[in-house]
Amino acid sequence: MQGGLGEGETVYGDTQEWDGTQWRLVSSEGPGVRNHHAMVYDKARGVMVLFGGQDRDITLQGDTWEWDGMSWRRAATSGPPARVHHAMVWDDVRQRVLLYGGSNGQRDLADFWEWDGSSWRPISAQGPGARAAHRVAFHGGVGKVYLYG
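One structure accompanies this document, and this report is about it. If you're wondering where the values come from, they're calculated on a predicted model, not measured in any experiment.

### Focus: the pattern of salt bridges
Alright, step 1. Overall, the coordinates contain twelve salt bridges when judged by the stated rule.
Alright, step 2. A single network of salt bridges, built from pairs that share partners, joins Asp91, Arg94, Arg96, Glu114 and Arg121.

Okay, structure coming up:
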C-alpha cells in the first residue's frame, strides 16, 4: 500500500506491506504523498506499478513508479495524461499493465493505455465510454479484461 487518504483528510506518502497479520512500514521514500492513484502487480517483471493520483495540494500526477520490494524507482514521466480514479490491471496473456479511464479533474476519460515496463502506449480499442472510480479484473480462463462501474 502506498499513500492514501485517511481520517480527517490526512494524506499519506509512506509504503506499507501486509504480512498476513499486520501492516509494516517499509519505506517513506518514493512517490510521496498522493491519493486516488492506482497500483497493480506486474507479474512478468516482479514489480508493483503505480500511476497517477493527486498530491497534498490536489495537483494531478501523471508519473509512473515501480516498487521492487525494496525501493521505489520513477519509471516514466510521460505517457497517459495526469488523472485520478482510473483503473489498472495486469493482462496475463499479453504480459502488460493496462490502464483505463479516470478523471482529469474536469471530465471523465475513456482512453486505454498499456505499460510494457519501459513505456506507455495508447491502445486503439472500442471501450465502454468515459468513466471514473470503476474497477477492472483480468479473467485468465478466457483471457479477457472485465470492467465494472
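### Some remarks on the sheet that holds strand β3 (residues 23-27)
Alright, step 1. Read across the sheet, three strands follow the order β1-β2-β3 without closing on themselves; strand pairing throughout is antiparallel. Across the chains shown, the open sheet's two edge strands, defined by having one partner strand only, are β1 (2-5) and β3. The average undirected angle you get between the axes of adjacent strands in this sheet is 60°.
Alright, step 2. Note: strand β2 (residues 11-18) against β3, four bridges, orientation antiparallel. Bridging from a neighbouring strand, Glu17 pairs with Arg24 of β3.

Rules used throughout
Residues numbered from 1 in each chain as written. Predicted model: local features only at pLDDT ≥ 70, side-chain atom pairs only at ≥ 80, totals over all residues. Heavy atoms only, no water. Salt bridge = Lys/Arg side-chain N within 4 Å of Asp/Glu carboxyl O. Pairing = 2+ DSSP bridges. Helix = DSSP H or I, 4+ residues; strand = E, 2+ residues; numbered from the N terminus. Axes fitted to C-alpha atoms, helices over the stretch in contact; angles between N-to-C directions.

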